[in-house]
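# Remarks on the overall topology
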Amino acid sequence: MQDEVARALNGERRALARVLSAIENGTFTHEEVNPPSTMDSTESTWSTMAITGAPGVGKSVLVDALMTRWAKQGHKLALLAVDPSSPRTGGALLGDRVRMTSVDDPEIKDHVYVRSIATRTASGSVPLIVEDMASFLHACGWNRVLIETVGSGQSELRCAAVADRIIVVEGPARGDGIQAEKAGLLELADAVLVNKADLDGAQKHASELQESFNLGQSESPPVLLTSGLHDIGIEPASDLLLHLKPSGRATRARMRERLLASHERRLVTHPSYNECLDLLTEGTIDIGNALGILLGDTDERSS
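Predicted model, so just to flag it, every value in this text is computed and none were measured. (Residues numbered from 1 in each chain as written. Predicted model: local features only at pLDDT ≥ 70, side-chain atom pairs only at ≥ 80, totals over all residues. Heavy atoms only, no water.)

## Some remarks on the overall build of the protein
- A count of helical and extended segments in the protein gives eleven helices and seven strands.
- Of all 303 residues assigned to the protein, the portion counted as buried reaches 49%.
- Here the analysis covers contacts within the protein between residues at least 6 apart in sequence; of these, 74% occur between residues at least 24 apart. (Helix = DSSP H or I, 4+ residues; strand = E, 2+ residues; numbered from the N terminus. Buried < 20%, exposed > 50% of the residue type's maximum accessible area, 1.4 Å probe, protein only. Contact = heavy atoms within 4.5 Å.)

## Quick word on the environment of S247
- Here S247 shows up in the loop between α8 (234–242) and α9 (251–268).
- Considered as a pair, S247 and A189 are 58 residues apart in the sequence and their alpha carbons are 7.5 Å apart.
- Leave out the neighbours within four places in its chain, and S247 touches A189 and D190.

## A short note on the environment of V192
- Among the secondary structure elements, V192 is positioned in strand β6 (residues 191–194).
- Taking the C-alpha atoms as reference points, V192 and G53, separated by 139 residues in sequence, lie 9.8 Å from one another.
- Sequence-distant contacts of V192, that is, excluding residues within four places in its chain, are made with V168, E170, L186, L209, F213, P222, V223 and L224.

## A few points about the packing of helix α1 (residues 2–9) against helix α2 (residues 13–25)
- Two elements in contact, α1 and α2, have axes whose closest approach is 7 Å; the angle formed by their N-to-C orientations is 130°. On the basis of their axis angle, the class for α1 and α2 is oblique. Here the hand of the crossing between α1 and α2 comes out left-handed. Contacts between α1 and α2 involve E4, V5, R7 and A8 from the first element and A15, L16, R18 and V19 from the second.
- Class assignment for the residues of the contact of α1 with α2 results in five nonpolar, no polar and three charged. (Axes fitted to C-alpha atoms, helices over the stretch in contact; angles between N-to-C directions. Parallel < 35°, antiparallel > 145°, perpendicular 65-115°, else oblique. Left-handed = near helix turned anticlockwise from the far one by under 90°. Nonpolar A, V, L, I, M, F, W, Y, C, P; charged D, E, K, R; others polar.)

## Looking at the sheet that holds strand β1 (residues 48–53)
- Read across the open sheet, the seven strands follow the order β3-β2-β4-β1-β5-β6-β7; overall the sheet is parallel. Of all strands in the sheet, those with a lone pairing partner are β3 (112–118) and β7 (223–225), marking the two edges. Each adjacent strand pair in this sheet contributes to an overall mean axis angle of 20°, direction not counted. (Pairing = 2+ DSSP bridges.)

## Focus: the pattern of salt bridges
- In the structure shown here, the tally under the stated rule is eight salt bridges.
- For the salt bridge of R69 with D239, the shortest nitrogen-to-oxygen distance reads 3.6 Å. A residue pair is termed long-range when its members are at least 10 positions apart, and R69 in helix α4 (residues 59–72) and D239 in helix α8 qualify at 170 residues.
- The class for R69 is partly exposed, based on a relative accessible area of 25%.
- Put simply, K204 and E208 hold a salt bridge, and the shortest N to O gap is 2.6 Å. One end of the pair is K204 and the other is E208, both in helix α7 (residues 202–214) and four residues apart, which spans about a single turn.
- Given the relative accessible area of 55%, K204 is considered exposed.
- Look at the salt bridges and you will find they share partners, linking E4, R7, E12 and R18 into a network. (Salt bridge = Lys/Arg side-chain N within 4 Å of Asp/Glu carboxyl O.)

## Brief notes about the confidence of the model for the protein
- Averaged over all residues, the pLDDT of the protein equals 80, while 75% of them reach at least 70.
- Scored below 50 in pLDDT, residues 85–94 makes 16 contacts in the model with residues more than four places away or belonging to other chains. (pLDDT = per-residue confidence, 0-100.)

Here it is in structure tokens:
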């Protein structure tokens, strides 16, 4: 695998794909495969951005339009597109690539990399291993990593554990501003894009969101109208997002999610994790016993 890592660092895409698969599958720990990142995020720039929103708001087309513009400016962009795994079968569609045209554009395809990921055992919609995959992509020269996820409810707060900036994509007819705030993630948003701006209700929804943000005590994030399909608002949105500063609206909430994510990583990477799930299913142990096994050094299996 070290040969694969070396080739990936030298720009070989197939080697990069194999190393990312090894990280995703847990074949290697992130300490073994991740060299230090060559790009540090600051107040004036970012290295990792999460773009999230409910199904049907046009995230994939919008992200593709943003990536196309940034790639033409010379940026090297990697997209980690996260699809939820079925809680029953464990499978995931991984269909984001279907809507991506930038990866086939001969002018910019060398500046764009797209990878689909399933949530697998992660409790939210962002698998914990994404952070390690993003770190390795940075080390390989992909200076901007985007993470596209589905949904905008409470589980989406896990984005805060991975990304330097969080962009929420909304759409027309998504309810008023108060209803949107109740979704939870908007309190962490550094910017909001109301996509499908060509449809009725988009301007009204954007205005309601802005009014809702203005009710708060802290500085409100920018709200922009866009349409990835019809190239509406893409230029101002891409310019704003490229140099977007953190809103500072919920630093404590971000740290909370990062702490919870580290705790979850400790659980799901424990060698006895699947065994504990089996024992819980059988009723042999309870949750307290399982936590004792996974978080402590003792084996608390009941007879």
